[in-house]
Amino acid sequence: MSVIRQNRATVSRAAVFAAALALTACAGYPVPPGLVSENAAPAAQAAPPLDPQQVTIAFEPFTGAPGNISDALSRRIGAEAVEQNLRLVRRVGAPSTYRVNGYLSASGDQSSTTLFYVFDVVDSNGARVHRIVGQESASGAAGDPWAGVDADTLDRAARRAVAELAAWLRR
C-alpha cells in the first residue's frame, strides 16, 4: 500500500511541476529550453577561457520563485562562489564573461517538498554554453510548496550549483 502512495506522490509532483512550467509559459516568463523535452538537441558547449581566474560571472534575477527565496538563494550562491574562488559581478548590467539565468520551481505536499532548479550559463552573445540542472528535497508544508523550502535546502542547491559551475570552468 505504501508503494502505491509513493507512486501517486511522485506522479502528483511531476504533474504539479509540469503545470507550473505550463503556467510560467502562459504568464510570459521564459521556460528553459530543453527542460520539457529530453529529446531536444543539447546546446553547444563552448570551452571556458583558459584562465578560470579571469572569468567573471553575473547571476541574473531568478525566474519562478518568490522574492524571499530568490534573495536567500542569491546570498548563498554569492557566499559559495567566494568559497570556490569564483569572481562574481554584482552590479546589474555590468560586463561579465558569462551570465547565469536561473529558473526555480517547487512542488510538494504535507510530507515533502522538492525544489527544482535550472541554471543556464550564457556567453556574451546570449548563447547557452552550459546548463546546470538539479533538485533538492525538503520537509513538506501544507498549502504553498515554497514554505517547505528552508535554509538547508537552499544551501544544498547553492553548493551543488556553484560546485558544478566551478568544475565546468576548470575543466
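Every chain is numbered on its own, with residues counted from 1 as its sequence reads. pLDDT decides what is reported in this predicted model: residues at 70 or higher carry local features, side-chain atom pairs at 80 or more are listed and counted, and totals for whole chains, interfaces and linings draw on all residues regardless. To get the side-chain values, take all heavy atoms of the structure and skip hydrogens and water.

Asker: An account of the packing of aromatic side chains is needed here, citing residue identities and associated values.
Answerer: Aromatic ring pairs: the centre-centre distance and the angle between the two ring planes describe each pair. Only Phe, Tyr and Trp rings are paired, with Trp represented by its six-membered ring, and only when their centres lie within 6.5 Å; those with planes under 30 degrees apart are stacked, over 60 edge-to-face, the remainder tilted. Counted according to the given criterion, the structure contains four aromatic pairs. Geometrically, the ring pair formed by Tyr-98 and Trp-168 is edge-to-face, given 5.2 Å between the ring centres and 65° between the ring planes. With Tyr-98 in strand S3 (residues 98-108) and Trp-168 in helix H3 (residues 151-169), this pair connects stretches of sequence that are 70 residues apart. Neither residue differs from the other here; Tyr-98 and Trp-168 are each classed as buried. Joined through ring pairs, the aromatic side chains of Phe-59, Phe-62, Tyr-117 and Phe-119 make up one cluster. A helix here means a DSSP run of H or I that spans at least four residues, while a strand means a run of E at least two residues long, and both kinds are numbered starting from the N terminus. Buried, partly exposed and exposed residues are distinguished by accessible area as a fraction of the type maximum, computed with a 1.4 Å probe on protein chains only: under 20%, between the cut-offs, and over 50%, respectively.

Asker: I'd love a proper account of the side chain of Ser-70, names of residues and values included.
Answerer: Structurally, the position occupied by Ser-70 is in helix H2 (residues 67-83). Since its relative accessible area comes to 8%, Ser-70 is described here as buried. It only takes one pair of heavy atoms within 4.5 Å for two residues to be counted as in contact. Once residues lying within four places of it in the same chain are set aside, the contact partners of Ser-70 are Phe-62 and Ala-65.

Asker: Can you explain the packing of H2 against H3? Please cite residues and give values.
Answerer: Describing two packed helices takes the angle between their axes plus the distance from one axis to the other. A fitted line through C-alpha atoms represents every axis, and for helices the fit uses only the stretch in contact; the resulting angles, taken between N-to-C directions, go from 0 to 180 degrees. For the pair H2 and H3, interaxial distance at closest approach is 9 Å and the crossing angle is 45°. By the angle class used here, H2 and H3 are oblique. The crossing of H2 and H3 is right-handed. Contacts between H2 and H3 pair Ile-69, Ala-72, Leu-73, Arg-76, Ile-77, Glu-80 and Ala-81 from the former with Ala-151, Leu-154, Asp-155, Ala-157, Ala-158, Arg-159 and Val-162 from the latter. A per-class count over the contact of H2 with H3 returns ten nonpolar, no polar and four charged. Note on angle classes: values under 35 degrees are labelled roughly parallel, values over 145 roughly antiparallel, values of 65 to 115 roughly perpendicular, and the remainder oblique. Should the near helix be turned anticlockwise from the far one by less than a right angle, the crossing is termed left-handed; should it be turned clockwise, right-handed. Residue polarity is assigned by list, with Asp, Glu, Lys and Arg as charged and Ala, Val, Leu, Ile, Met, Phe, Trp, Tyr, Cys and Pro as nonpolar; anything else, Gly included, falls into the polar class.

Shape descriptors only; they carry no functional weight alone.
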